[in-house]
Amino acid sequence: MKRTHTCGQLAKKEIGKKVVLQGWVDTVRSYGELVFIDLRDRYGKTQLVFSNESKKALEVANQFRREYVVEIEGVVSARKLGTEKKDWPTGEIEVVCEKAEILNVAEVPPLEIDDRALANEDVRLKYRYLDLRRPTMQHNIIFRHAVLQAIRRYMHDNKFLEIETPMLIRSTPEGARDYIVPSRVNPGKAYSLPQSPQLYKQILMVAGFDRYFQIARCLRDEDLRADRQPEFTQLDVEMSFPSEEDIYNLGDGLMKYVFHETMGTDLKIPFPRITYAESMEKFGCDKPDLRFGLELAEVTDLLKKSDFEVFKNASTIKCLNAVGCGNFTKGDLAKLTDLAKVYKAKGLVTIKIAGGKMESNVAKYISDSLQKELIKKTNAKDGDLLLLVADNFKITNAALAALRNDLGKRLNLYDPKDFKFCWIVDFPLFEWNEDEEKWDAAHHMFTMPKKEHLKYLQTDKGKVHAQCYDMVLNGVEIASGSIRIHRADIQEQVMKALGIEKADAEKKFGFLLEAFKYGAPPHGGFAPGIDRLIALMLGIPGGDIREVMAFPKNKSAECPMDGCPTVPDEKTLKELNMKFMVEKK
Ligand code: ASP
C-alpha cells in the first residue's frame, strides 16, 4: 500500500477522506480501548485515533511503541472542539484508523526524539540518525538544503558554472595541515585532500571558464572549535577579469537573494566596506560586530603624557567607553579583567566617571587637563566606565575587542535576530608570525599585492597591502577572498618574500607557475563558509556548526557513530607499504 499523504499535510479540507499514512510513532497515549498516536515524519505530525470500532486495528495499535515504523488506513475527521492543536498544521483533524500494520519495530531509543531533552554530545553523535529525527535538527538540515538551492539558483542565474574539482590532489595550502591519503598504486607516495579548491579554481580561469562556483568540501587538519570541523563546506567562487567592486557586488547580491529566498529577510545592500586599518582602530579586530556601537578610542599619545608607568611603557593604549556601566561591582570588574587576561593583557585599567571626574586608583597619575582630554575623546559622561588596555598593538586590540563583544552581549545592545554584514578591505599582504619569527601570508600566497606596493615586496613587507577582502556577519568572518596573482613573475616574488626557495616553489607549485605561462587572465574570487553562514542565519548559540551538519565529528575529530578514525588492518597497511609508528587500539 502506498501512503496517500504525509504526516504534515492533512487539514480540514480532507475531512471525510480515506487516507493511508506511514511514519514513526512519536507518542503513544493508550487507554486500552482508546489509543491516541502521534505519527511523525519529516513533514510534521498527525494524530491517529484507534477505538473499538475497528477492533483489529486497535489490537495492532496497542503493540505500537515509540519509534516503531507503522502504516495505517483511516478516515480524516474533525478533532473534538477544544482538543485542536493550534500550533500544528494538522492540528484541526485526526485520522480515525481502520487498519494498522507494524512495518518495523524499534528498540527503546537511547535518546529522546525531543528538543527539550538534549543528550550529551557523544550520545547524540553516536545515534546521529535518532538525533537527526528531532524537529530542530530536521529543520536545520532542511533549511540548509534551502540555502544550498538558493545559492545554486543565484550562481546559475549569474552565469557561473558549477564545476567539481578533485579530492585527491597535490596540496593547496590555506594555513592548516593537510590530510594525507597514501597511494597504493604509487608506493611511497600520497595525495593531499584539498584545504580548498584554490589552485584548481585559478586553473579553471586559465582554462577560460570565466565564472566558476562549487559547493566544495574543504579538509583541514587543525584543532577543532565550535565553528571548526575537519571537513566543512564552502561556496567556492572564482571569476575572470573582475574588479574588487565586481566581487563585492556579487557577494552583496548573493546574500540578499539567499536571505530573501530562505527567510524572507530583506538585507540592505551594498554592505558597508571598512578598511582593515579602520576596523582595527574602531573595533580592535578585523571582524567587527556592527550590531552595536561601543567604538574604541586610540589614546596612546594622550596617556603617554601621564605619570603612570604602565602607560608610559606601552606602545598602544586604547580605551573603551562602557556607556552606563559606572555601577559595575568589583566582581563585574574582576570578570572583565580576567577576560582581558585571556587575550594576554597584563591587566585592565578601569575608570568610573562621576561628577565629570575620574574615579580610579590610577586617576592620581593623570593630570586634570589629561583627564578632561580623555573624557572628551571617549565621549564619557557621568555613570560611564572607561576600560583601558596598554600593551602592544596586537594584545591591546585583541583584549578590547573581546571586552567589546562581551559587553555588547551582556548589556543586550543588539537584537540577536539582526544581521549586520560588512566587507573588510585593504588587508596587509603579510603578517608577522611571532612564534616562528617569519612573515606569513595573511590570506594565502596567491593573493595579488596592491600594484603600488609591489616595490616593497622584498624590502618592507609590513608596508605591502593586498587586494584582499573578508565578508563579516555579526562579528564572524563569513568569507575571504582576493584578486589573485596571475603572473608567474609576481607569484615567484611573493613566494620569495615568504621565504619559499625557488626550487621548493617549483616543486610544490610548478604546475601553477607553468599554467600562468599560457595566457592566465586576471582573476579573483571568494569563498563563503556555508556551515557558519547557516548557523548564524538560524541563530544557533555559539555559532556551533555541528548543529547544521548531518554528520559532524566530535571535539576529538572522531565520529562516534561509525567509530572513525580506525586502525587500518594489516592487509591494507601492507598494500599501502605503510607502518604506523604509534600503536593505538
Ligand atoms: N581559498 C580561500 C579560502 O579558503 C578563499 C578564496 O580566496 O577564494 O579561504
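What comes next is a walk through the structure. (Residues numbered from 1 in each chain as written. Predicted model: local features only at pLDDT ≥ 70, side-chain atom pairs only at ≥ 80, totals over all residues. Heavy atoms only, no water.)

Quick word on the layout of surface pockets
Next, step 1: Within this model, the second largest pocket holds a volume of roughly 1400 Å³.
Next, step 2: For the second largest pocket, the lining is made up of 34 residues, of which Pro565, Thr566, Val567, Pro568 and Phe580 are closest to its centre.
Next, step 3: When residues of the lining of the second largest pocket are traced back to their parent elements, those giving at least two are strand E7 (180-182) and helix H16 (570-575).
Next, step 4: By residue number, the principal contributor to the lining of the second largest pocket is H16, which donates four residues.
Next, step 5: Here the lining of the second largest pocket is built from residues that sort into 19 nonpolar, three polar and twelve charged. (1 Å grid on protein atoms, 1.4 Å probe; cavity = no way out; pocket = protein on both sides within 12 Å on 5 of 7 lines; lining within 4 Å. Points joined across faces, edges and corners; volume = space filled by probe spheres on them. Helix = DSSP H or I, 4+ residues; strand = E, 2+ residues; numbered from the N terminus. Nonpolar A, V, L, I, M, F, W, Y, C, P; charged D, E, K, R; others polar.)

Quick notes on the packing of helix H10 (residues 330-342) against helix H12 (residues 393-410)
Next, step 1: Between H10 and H12, the least distance of the axes is 9 Å, while the angle of their chain directions is 135 degrees. Of the possible angle classes, the one that applies to H10 and H12 is oblique. Remark: the crossing between H10 and H12 carries right-handed chirality. Between H10, through Asp332, Leu336, Leu339 and Ala340, and H12, the contact on the second element is made entirely by Ala399, Ala402, Leu403, Asp406, Leu407 and Arg410. (Axes fitted to C-alpha atoms, helices over the stretch in contact; angles between N-to-C directions. Parallel < 35°, antiparallel > 145°, perpendicular 65-115°, else oblique. Left-handed = near helix turned anticlockwise from the far one by under 90°. Contact = heavy atoms within 4.5 Å.)

A look at the state of the cysteines
Next, step 1: Applying the stated rule across the entire model yields zero disulfides.
Next, step 2: Note on cysteine 218: no disulfide assigned, nearest cysteine sulfur contributed by cysteine 468 at a separation of 16 Å.
Next, step 3: Left unpaired, cysteine 325 is separated from the closest cysteine sulfur, that of cysteine 319, by 12 Å. (Disulfide = S-S within 2.5 Å.)

As for the site of the ligand
Next, step 1: The full set close to the ligand counts 13 residues, and Glu174, Gln198, Lys201, His443 and Arg484 are the nearest of them.
Next, step 2: Within the side chain of glutamate 174, an N or O atom sits 2.6 Å from a nitrogen atom of the ligand.
Next, step 3: At a separation of 3.0 Å, an oxygen atom of the ligand approaches a polar side-chain atom of histidine 444.
Next, step 4: Here the ligand loses 95% of its free accessible area of 270 Å² to cover by the protein chains. (Near = heavy atom within 4 Å. Polar contact = N/O pair within 3.5 Å; in protein donor to acceptor, adjacent residues only side chain to side chain. Areas by Shrake-Rupley, 256 points an atom, 1.4 Å probe, with all protein chains shown as cover.)

Remarks on a nonpolar patch on the surface
Next, step 1: On the surface, a cluster of nonpolar side chains totalling about 310 Å² of accessible area is made up of Tyr129, Phe551 and Met561.
Next, step 2: Examined against the element boundaries, phenylalanine 551 turns out to sit in the loop between helix H15 (530-537) and H16. (Patch = residues over 30% accessible without salt bridge, like charges linked within 9 Å, V, L, I, M, F, W, Y side chains within 5 Å. Salt bridge = Lys/Arg side-chain N within 4 Å of Asp/Glu carboxyl O.)

Brief notes about the sheet that holds strand E2 (residues 34-41)
Next, step 1: Spatially, the five strands close up into a barrel ordered E1-E2-E3-E5-E4, and their pairing is mixed. Between one strand and the next, the sheet's axes are offset by a mean angle of 55 degrees, whatever the strand orientation.
Next, step 2: Summarising the sheet, strand E1 (residues 18-30) and strand E4 (residues 69-78) pair through seven bridges and their orientation is antiparallel. Residue pairing in the sheet places lysine 18 in a bridge with valine 75 of E4. (Pairing = 2+ DSSP bridges.)

A closer look at the pairing of strand E9 (residues 211-219)
Next, step 1: Extensive coverage of E9 is indicated by the burial of seven of its nine residues.
Next, step 2: Alignment of strand E6 (residues 161-162) against E9, held across two bridges, turns out to be parallel. Looking at the pairing, leucine 161 lines up with tyrosine 212 of E9.
Next, step 3: One ladder, built from nine bridges, connects E9 with strand E10 (residues 231-240); its direction is antiparallel. (Buried < 20%, exposed > 50% of the residue type's maximum accessible area, 1.4 Å probe, protein only.)

Some points on the side chain of threonine 350
Next, step 1: Mapped onto the elements of the fold, threonine 350 is located in strand E14 (residues 349-354).
Next, step 2: With near-sequence residues (within four places) excluded, threonine 350 lies in contact with Leu333, Glu359, Ser360, Leu385, Leu386 and Leu387.

As for the packing of aromatic side chains
To describe a pair of aromatic rings, you give the distance between the ring centres and the angle between the ring planes.
Next, step 1: One pass over the structure, following the stated rule, counts 18 aromatic pairs.
Next, step 2: Between tyrosine 31 and phenylalanine 36 the ring centres are 6.3 Å apart and the planes differ by 75 degrees, which places this aromatic pair in the edge-to-face class.
Next, step 3: We classify tyrosine 31 as exposed; its relative accessible area is 56%.
Next, step 4: Exposure remark for phenylalanine 36: the relative accessible area of 18% places this residue in the buried category. (Phe/Tyr/Trp six-rings, centres within 6.5 Å; stacked < 30°, edge-to-face > 60°.)

A look at unusual backbone geometry
Next, step 1: Put simply, isoleucine 269 and proline 270 share a cis peptide bond, and its omega is 0 degrees.
Next, step 2: Structurally, the position occupied by proline 270 is in the loop between helix H6 (244-263) and strand E11 (273-275).
Next, step 3: Note the cis peptide between cysteine 564 and proline 565, where omega equals 0 degrees.
Next, step 4: Mapped onto the elements of the fold, proline 565 is located in the loop between H15 and H16.
Next, step 5: Although it is not a glycine, aspartate 210 adopts a positive phi angle of roughly 70 degrees.

Some thoughts on H6
Next, step 1: For H6, spanning 20 residues, the distance from its first C-alpha to its last is 28 Å, which sits close to the expected 28 Å at 1.5 Å a residue.
Next, step 2: Of all the residues in H6, the buried ones are Glu244, Ile247, Tyr248, Leu250, Gly251, Asp252, Gly253, Leu254, Met255, Val258, Phe259 and Thr262.
Next, step 3: Within two residues after H6, glycine 264 carries a phi angle of roughly 70 degrees, on the positive side. (Expected span 1.5 Å × (residues − 1).)

Thoughts on helix H5 (residues 198-206)
Next, step 1: With respect to burial, H5 is a largely interior element, seven of its nine residues being buried.
Next, step 2: Of all the positions in H5, only Gln198, Leu199, Lys201, Gln202, Leu204, Met205 and Val206 are classed as buried.
Next, step 3: Where H5 is buried, its residues meet E9, E10, helix H14 (502-515) and strand E22 (523-528).
Next, step 4: Following H5 by one or two positions, glycine 208 adopts a phi angle in the positive range, close to 90 degrees.

Examining the environment of isoleucine 351
Next, step 1: Residue position: isoleucine 351 is located in strand E14.
Next, step 2: Sequence spacing of isoleucine 351 and asparagine 361 is ten residues, and the spatial spacing of their C-alpha atoms is 8.1 Å.
Next, step 3: Apart from the residues lying within four places of it in its own chain, the contact partners of isoleucine 351 are Met358, Glu359, Ser360, Val362, Asp384, Leu385, Leu386 and Leu388.

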